[in-house]
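Residue-level structure breakdown
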Amino acid sequence: VKPRIPVALKNVLTNKRSWPSFFINCFFSGCSMAFTAWGVSYLTECYGISVVEAGSITFWYPVGMAIGSVVIGIVSDRMKRRKMPLLVSAIGSCTCWAIFAFTEPSLLFVRILLPVMGFFGAFIVVSLAVSKEVNDPRFAGMSTSLANMGLFFGGAVIPVFFGSLIDRYQAAASGFSLYHAPLRLCFVFVLFGFLSCVLTTETRCKNISAAQTEPLP
């Protein structure tokens, strides 16, 4: 029997195990999109390079993420673990954000750091698997949609906060001093994302929901 949408939605929303995946996607993906939006400006203003050169550097951020998505997903499946890859990758991602937020890295180091940062940030793909595995398999589409909603919500809101801080301080600051404020805000957000990883339920790559056996209303 196919579940009705309100029933599926209620079951997913009232399952507390669903929400860590939502917040992981919200905070990490939101900050990732903020950096994607403002990364070129950050590089041109802080290092005095051209837009073309800055674009060629930030290009490696999504490349790292694409590679990380495959690698981290494979590692998680082979380990039969979800939480450990999430935590290790989240620590790596938070470390990269801390470097940008609290230091003035050399341009050469940034060239190395961006693909590494993208690689670690790709761990959000594991949270999508977790979202399905902690919910009734009949609600797989709805549970994945909730996690994806976090991605789009964070992507819509966090870049706005990033830009508003730049607008607020650009009259009195420039270069690294201008960008450290929004980058530190993103660092706080990814720490909340890390806490969401800590609160994630280990599924061992299996569906652990207490699925109902009786027909749905």
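Before going into details, it helps to say that this report is about the structure given with it. Everything quoted here is computed from the prediction, not taken from an experiment. (Residues numbered from 1 in each chain as written. Predicted model: local features only at pLDDT ≥ 70, side-chain atom pairs only at ≥ 80, totals over all residues. Heavy atoms only, no water.)

Brief notes about the packing of helix H4 (residues 60–79) against helix H5 (residues 83–102)
The N-to-C vectors of H4 and H5 enclose an angle of 145 degrees; their axes lie 9 Å apart at closest approach. Contact with H4, carried on its side by Ile72, Ser76 and Met79, involves Met84, Pro85 and Ser89 of H5 and no other residues of that element. Tallied by class, residues from the contact of H4 with H5 come to four nonpolar, two polar and no charged. (Axes fitted to C-alpha atoms, helices over the stretch in contact; angles between N-to-C directions. Helix = DSSP H or I, 4+ residues; strand = E, 2+ residues; numbered from the N terminus. Contact = heavy atoms within 4.5 Å. Nonpolar A, V, L, I, M, F, W, Y, C, P; charged D, E, K, R; others polar.)

Side note on the nonpolar core
Counting 46 residues, the largest nonpolar core has Phe28, Tyr42, Trp97, Phe100 and Leu183 as the members making the most contacts within it. For this core, the secondary structure elements donating two or more residues are helix H2 (19–47), helix H3 (51–58), H4, H5, helix H6 (107–121), helix H7 (124–133), helix H8 (140–169) and helix H9 (175–198). Of all the elements, H2 adds the most residues to this core, at 10 residues. Sequence-distant contacts of Phe28, that is, excluding residues within four places in its chain, are made with Ala90, Ser93, Cys94, Phe123, Ile124, Val190, Gly193, Phe194 and Cys197. Core analysis: the next-biggest nonpolar cluster, separate from the first, contains five residues, Ala8, Phe22, Phe139 and Leu146 among them. (Core = buried A, V, L, I, M, F, W, Y, C linked by side-chain atoms within 4.5 Å. Buried < 20%, exposed > 50% of the residue type's maximum accessible area, 1.4 Å probe, protein only.)

Some words on the environment of Arg168
Turning to its location among the elements, Arg168 is positioned in helix H8. The spatial distance from the C-alpha of Arg168 to the C-alpha of Ala129 is 39 Å, given a sequence separation of 39 residues.

Concerning the environment of Ala34
One can find Ala34 in helix H2. Separated by 23 residues in the primary sequence, Ala34 and Asn11 place their C-alpha atoms 32 Å from one another. Ala34 has contacts with Ile158, Pro159, Phe162 and Cys186, leaving out every residue within four places of it along the chain.

A word on the pattern of salt bridges
In the structure shown here, the tally under the stated rule is four salt bridges. As a salt-bridge pair, Arg138 and Asp136 come within 2.7 Å of each other at their nearest N and O atoms. The exposure class of Arg138 is partly exposed, given its relative accessible area of 30%. Accessibility expressed as a relative area gives 9% for Asp136, which makes it buried. (Salt bridge = Lys/Arg side-chain N within 4 Å of Asp/Glu carboxyl O.)

A short note on the packing of aromatic side chains
Overall, the coordinates contain 21 aromatic pairs when judged by the stated rule. Taking 6.1 Å as the distance between ring centres and 20 degrees as the angle between the ring planes, the aromatic pair formed by Trp38 and Phe162 counts as stacked. Here Phe162 lies in helix H8 and Trp38 lies in helix H2, a separation of 124 residues in the sequence. Aromatic rings pair up to connect Phe35, Tyr42, Tyr47, Tyr61, Trp97, Phe100, Phe176 and Tyr179 into one cluster. (Phe/Tyr/Trp six-rings, centres within 6.5 Å; stacked < 30°, edge-to-face > 60°.)

Some thoughts on H3
When H3 is considered as a whole, its buried residues turn out to be Ala54, Ile57 and Thr58. Along the long axis of H3, the arc covered by the buried residues comes to 95 degrees, so they all point the same way. In this fold, the buried residues of H3 make contact with H2, H4 and H6. (Arc of directions from axis to C-beta.)

Observations regarding unusual backbone geometry
Peptide bonds are trans in most cases, and residues, glycine excluded, mostly fall at negative phi. Located in the positive-phi region is Lys80, a residue other than glycine, with phi close to 60 degrees. Here Lys80 lies in the loop between H4 and H5. By relative accessible area, which is 49% here, Lys80 ends up partly exposed. One non-glycine residue, Cys205, adopts positive backbone phi at about 65 degrees. You can see Cys205 is positioned in the segment after H9.

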